[in-house]
Structure formats: C-alpha cells, structure tokens
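If you want the building blocks of each chain, they are given just below.
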Amino acid sequence: MNQFQRMLLAPAALGLMLPAVIAPETAAAGELASLNGSEAINDYMEQQEIDELKAWRSKNQVTSVNQFSDLRPSDWAYQALSNLVEKYGCVAGYPNGTYKGGQAMSRFEAAALLNACLDRVTEVTDELQRLMDEFKKELAVLKGRVDGLEAKVGTLEAQQFSTTTKLKGEVNFILGGVPDYDGKTTGNQDRTSFNYDLRLNLDTSFTGKDLLKTGLRSANFTAASPFNASDSLFKLDKASSTNAGTGGINGLDTVTIDRLYYQFPVGKQFTLTAGALMRNTETLAFIPTAYRSQLLDFFSVAGTPGVYNKATGAGFGAVWKQSVAKGKGFWNASVNFIAQDGELSTSGIFDSAGKLNTTAQLGYKGPNWGAAVAYRNGTTGTRTINANGTAFNALVNDQSSNNFSIAGFWQPPNTGIIPSISASYGFTDISGGSGGAANSKSWSVALQWDDAFVKGNSAGIAIGQNPSAGPAVEDPLSLELFYKFQVTDNISITPGLFYISNSSNQVGNQDLWGGLIQTQFRF
C-alpha cells in the first residue's frame, strides 16, 4: 500500500477510536467502520487495488503478446503467454504496457488470472454444447455404431482362437503341363494337371518380439509331375506332395507339419532361431534378389540352388543386422545349421550321415539395392543341384560339397518403364567319394516391372543356366516369362511360360517348354 493511500485512511482510523459513533455518509465509510484493526484495513485496501486492476484490465485487454514492451521471444514462457493472450484472451499487463514477468505474483493476482481464464473456457464449452445440440441426431447415430462395434469386439474376444497366435494362410491352384514331344519326356508330362498347394501358418508371439512358427501344409503334386520332382528343371516353388496314398484320391491327402521353430531377439541387433523343422533360406537376413515370380524353383533361390538349396530339418541359426535409422542401408550376417535327418537315431543331428547343411551369408541391403556373398557346406545326402537326373542331385557316401554364390539386385526408386535387375553366379565343388554329384556352376539374370500397365500388377522375364552335371552334359538354359494380375489384395492370378534347352527331362537332352496358370489366395 503506497503512502498516499495510507494518508487517506488516517482520518478513518482516528474516527474508529472515538467513543461516539458517527453515522457514515457513504457506503465505503460504512465498510471501513466495520473493520477491526489496521491489519484488516490493509487487507481491505489490497482487495480494492485488485478490483481496480481487474476493472482496468477488462477495459484494456491486450490482443497480442507483442503489446508487452518487456516480453521477448527468447523468454522461456513466451509461447505459453502467447497462447493465453491470443487463444483465450485472459491475460493483461500493467497500465504502463509492461507484463513484469520476473515480478512475484500475489495469491489475489493468481486468483484473478485463473478466474479470467476459466471464464473463457466456460465460453468455449458453451460453444461446444451448442454444436452438440445442433448435431444431436448425428452424434446419436455414431454412438449407436460405437456401441455395436464394442459388442462385436466383445464377441470376438470371447470367441477368439488365441490371444497370442495369428493364423496366416496361402492356397495355390496350379493348372499346367509340359508337352510330350513324341514320347521323349519322362513320365506322363504331356498331360495337363490341376493341383493345389495349401499352407497354414500359426504365428505365436509371447512378448511381441519373439515368434513360435508352426507351419501346416498339404499338396497333391505327384512324384511323377515335372512341377514337383526334385530333379526336374520345371520344379515349382509352390509344389510338393503330402499324399498318403497313390494319386491322393478318396481323401488320402494328408496335412503335415512343415515348419516348427522358435525365433527370438537378443539385444537390438541379433536374432536367434532354433527348431525341429526350420529351413536354411528362411533363416537368413534376406535373399539377394528382387525377382518374385514364385514360379520356377530355380529363380526363386536367386539362380544359385547350390547354396540356397532349401534344406529343411532340425537346426539352429543366428542373424545379425546393423542397427541404423529406419530407411537406411545396413550390413548383415547370417549363419545356420540344418540336419535334414536330425530326428533319426541312426543319423543324429551332428552325424555327417544326417544330411548336414551349414550355410553362411554376408550382405548389405540398402533402400533399393542389395548384394550378398554366401557359402554352404553339405554332407552325404544333401541337395547340390536341381538338374540332370537324380544321380546328380544328392551327395553319395563320403562326399561333401562346398557351394559358393554371389548375387545382388537393384530396384528403381519409382515404378515405370525401368525394371528391377537381379543377377547371380554360383559354383559347387564336390570332394570325396566316387560317382554321384559332380562339380557344377549356375548363373541368372532377371528383370521385373512392378505396377506393370496396372497398379499392383507385375511382369517379369528371367534367364539362367541351371547347374550342370559335369563336362559330359551340355549346360541347360532356362527362360521364364510371367505376368501377375493382382485381382484383389488377397487374390492374384499369374500365367507363366517356360522354355528350357538341353533338358534332362527329355531323351537326348532336347529342348522343352511348358506353361501354367497359378492362382493364389492369401488370408
């Protein structure tokens, strides 16, 4: 309270000490007369100052924080004051145009500021209430829909298969064949067949980062089919046989366990895998190809089946991926061990007779390109090549193989007339034993156009040399053409044509061609 105000109060204070009561002439005098003591008078005058300040601020409310002469954008509370002034209009300064941000605030001033802001919030709430009244019918409809969704979610939660497991499925219908060429093909390949390949995956996660994979599979390709036989150049990526009886008729098709392994992270850069049924190509950081026709098996493994031989069995694996920002390229390394007959007591998971495969890969994968070098060592019984007869498809007793590959791909930043390019080279060296598999080499070049003619569709062409069976056999060449129609997000139809020169599936290794239509359903 300033000195001038105290002087004004002096007569009133003296009047309070007189024994006679003089009737006040004004309302203010009456209020002062009712006060008891100097402390009460001080409180009263402070309240009068607050009321006067509130009255002045209500008439002189600032509309921009820039009106305060002593406030700078560098002040730590500048943005907060700007919001209060310009959004809610509940902050005012002093009559001299200052805010005095460094000055202490009394409880009265804090109450006045809070009251002004609450008044503005109440006004906004009233506006919201008017909007709610105006759109009352629409809000009622939305509430009904939300209630309905909540009921459905409750039903799904009550009837869900599992809280930790997701089901993913894939069905492939394949209509195709290979002409006979005057009886020179092996088996009955001149007939057109209609087969299926069904895969059901149960993906279970207990922590959100781990994965227990259970794969179920059923298919009715026969061993005589060119699309399934392991020594056929026409072997497809989506073709196998789980028949319990000849021909798979009269309900004799069976469902088998195709994958069973557990995968979990260790730190931020390592992932470990162990299982009784795991595949070496699925336990790598990536397969270095951008070509995704999903037709011929040879091209699905980057044209180097000596290394990427799809060995499946009991084993272990580890993957290291360099920790980088999302969207950046990263180095990676992978190693895995697969015993194809690891479950047999006569072979064992670590016995060389158990068809052991040890695969290692070092690579780099960028946003639109990648490359890798890989190596696989195989023992007796492991697959080395997929061409030129069963005698050259697996290692005999006391044989081992050292398989090498280098492969890479590049994809254009945007889809268009420029395709992705994938290329590879592989070499297999056989040692020990006699007969059986022989040294071989392979290579491939593949082009693929994404969003070909129609967004979501793709087209491609690939050519490569299948692994040969030795110097006595002329190298076979494979050519593949495809166009994939993406009918919906879950359904695609892919017509494909193949041409193979010097095919082992013909007497005299003559040229051969074939075709198919593969319809795929994903759910």
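Residues numbered from 1 in each chain as written. Predicted model: local features only at pLDDT ≥ 70, side-chain atom pairs only at ≥ 80, totals over all residues. Heavy atoms only, no water.

**Q** Is there a simple way to explain the overall build of the protein chain in this structure?
**A** Assigned secondary structure in the protein chain consists of 7 helices and 16 strands. Here the protein chain holds 523 residues, and the buried ones make up 39% of them. As displayed, the protein chain has an accessible area near 28900 Å², and 60% of this comes from carbon and sulfur atoms. (Helix = DSSP H or I, 4+ residues; strand = E, 2+ residues; numbered from the N terminus. Buried < 20%, exposed > 50% of the residue type's maximum accessible area, 1.4 Å probe, protein only. Areas by Shrake-Rupley, 256 points an atom, 1.4 Å probe, with all protein chains shown as cover.)

**Q** I'm lost on the pattern of salt bridges in this one. Help?
**A** Two side chains carrying opposite charge are able to pair once their charged atoms lie near each other. The tally for this structure, following the rule as stated, stands at 14 salt bridges. Notably, a salt bridge pairs Asp 203 with Lys 213, separated by 2.9 Å at the nearest N-O pair. With Asp 203 in strand β2 (residues 193-204) and Lys 213 in strand β3 (residues 211-219), this residue pair connects regions lying 10 residues apart in the sequence. Neither Asp 203 nor Lys 213 differs from the other in exposure class; each is buried. Among the ionic pairs, Arg 217 bridges to Asp 258, the shortest N-O distance being 4.0 Å. Within this pair, whereas Arg 217 is found in strand β3, its partner Asp 258 is found in strand β4 (residues 256-266), the two being separated by 41 residues in sequence. Assessed through its relative accessible area of 6%, Arg 217 is described here as buried. Here Asp 258 falls in the buried class, since its relative accessible area comes to 18%. Residues participating in the shared-partner salt-bridge network are Glu 170, Asp 237, Lys 238, Asp 297, Lys 310 and Arg 522. (Salt bridge = Lys/Arg side-chain N within 4 Å of Asp/Glu carboxyl O.)

**Q** Would you mind showing me how to read a nonpolar patch on the surface here?
**A** There is a patch of nonpolar side chains on the surface, built from Phe 173, Leu 175, Phe 194, Phe 485, Val 487, Ile 493 and Ile 517 and spanning about 610 Å² of accessible area. The residue Phe 485 is located in strand β14 (residues 477-486) in this model. (Patch = residues over 30% accessible without salt bridge, like charges linked within 9 Å, V, L, I, M, F, W, Y side chains within 5 Å.)

**Q** Explain the environment of Ser 293 to me, please; I cannot follow it from the model alone.
**A** Structurally, Ser 293 is set in the loop between β5 (270-279) and α7 (297-300). Taking relative accessible area as the criterion, Ser 293 reaches 7% and is therefore assigned buried. Apart from residues lying up to four places away in sequence, Ser 293 is in contact with Gln 448, Glu 480 and Phe 482. At a separation of 2.8 Å, a polar atom in the side chain of Ser 293 contacts the side chain of Glu 480. (Contact = heavy atoms within 4.5 Å. Polar contact = N/O pair within 3.5 Å; in protein donor to acceptor, adjacent residues only side chain to side chain.)

**Q** I keep staring at the environment of Gly 426 and nothing clicks. Help me out?
**A** Within the element layout of this structure, Gly 426 appears in strand β11 (residues 420-431). Taking the relative accessible area as the measure of exposure, Gly 426 reaches 5% and is therefore buried. What Gly 426 contacts, discounting residues up to four positions off in sequence, is Thr 304, Phe 404, Ser 405, Ser 440, Lys 441 and Ser 442.

**Q** Honestly, the confidence of the model for the protein chain in this entry has me stumped. Any pointers?
**A** Close inspection of predicted coordinates is inappropriate for parts of the model with low pLDDT. Within the protein chain, residue pLDDT values average 80, and 77% of them lie at 70 or more. Confidence drops under a pLDDT of 50 for residues 1-33, and excluding neighbours within four residues, the segment shows 20 contacts in the predicted structure. A low-confidence stretch, residues 245-251 stays under pLDDT 50, and its non-local contacts, those more than four residues away or across chains, total 3 contacts. (pLDDT = per-residue confidence, 0-100.)

**Q** I would appreciate a short explanation of helix α4 (residues 78-88) in the present structure.
**A** Within the span of α4, buried status applies to Tyr 78, Leu 81, Ser 82 and Val 85. Within α4, the buried residues cover an arc of 105 degrees as seen down the axis, which keeps them to one side. Among the exposed residues of α4, those pointing more than 90 degrees away from its buried face are Gln 79 and Lys 87. Just downstream of α4 lies Gly 89, where phi reads positive at about 60 degrees. (Arc of directions from axis to C-beta.)

**Q** Would you explain empty space enclosed by the protein in this entry?
**A** Gaps between atoms show up when a probe of the same size as a water molecule is rolled over them. Under the definition given, this model contains 4 cavities of 30 Å³ or more. By volume, the largest cavity amounts to about 70 Å³. Thr 289, Ala 302, Ser 422, Ser 444 and Ala 446 are, among the 13 residues lining the largest cavity, the residues nearest its centre. Counting only elements with at least two residues in the lining of the largest cavity, the list comes to β11 and β12 (440-450). (1 Å grid on protein atoms, 1.4 Å probe; cavity = no way out; pocket = protein on both sides within 12 Å on 5 of 7 lines; lining within 4 Å. Points joined across faces, edges and corners; volume = space filled by probe spheres on them.)

**Q** Could you clarify how one ought to interpret the layout of surface pockets in this entry?
**A** Put simply, the second largest pocket is a space of about 410 Å³. Every residue lining the second largest pocket is counted, 18 residues in all, and those nearest its centre are Tyr 99, Lys 100, Gly 101, Gln 103 and Met 105. Grouping the constituent residues of the lining of the second largest pocket by class yields 11 nonpolar, 3 polar and 4 charged. (Nonpolar A, V, L, I, M, F, W, Y, C, P; charged D, E, K, R; others polar.)

**Q** What is the right way to read the pairing of β12 from this model?
**A** A regular strand places its side chains so that they alternate between the two faces of the sheet. In this structure, β11 lies alongside β12, joined through 9 bridges in antiparallel fashion. Counted as the bridge partner of Ser 422 is Ala 446 from β12. Note: β12 against strand β13 (residues 458-465), 8 bridges, orientation antiparallel. Residue pairing in the sheet places Leu 447 in a bridge with Ile 461 of β13. (Pairing = 2+ DSSP bridges.)

**Q** Help me understand the nonpolar core, please; the structure alone is not making it clear to me.
**A** In globular proteins that are soluble, nonpolar side chains generally tend to be buried together. One finds Phe 227, Phe 234, Leu 236, Phe 498 and Leu 516 to be the most contacted residues of the largest nonpolar core, which totals 21 residues. Of all elements in the fold, only α7, β15 (491-501) and β16 (512-522) reach the threshold of two or more residues within this core. Excluding its chain neighbours within four sequence positions, the residues that come into contact with Leu 516 are Ile 174, Leu 175, Gly 176, Phe 227, Leu 236, Leu 295, Thr 494, Pro 495, Gly 496 and Phe 498. Counting 8 residues, the second-largest nonpolar core is a separate cluster that includes Val 65, Phe 68, Leu 71 and Leu 81. (Core = buried A, V, L, I, M, F, W, Y, C linked by side-chain atoms within 4.5 Å.)

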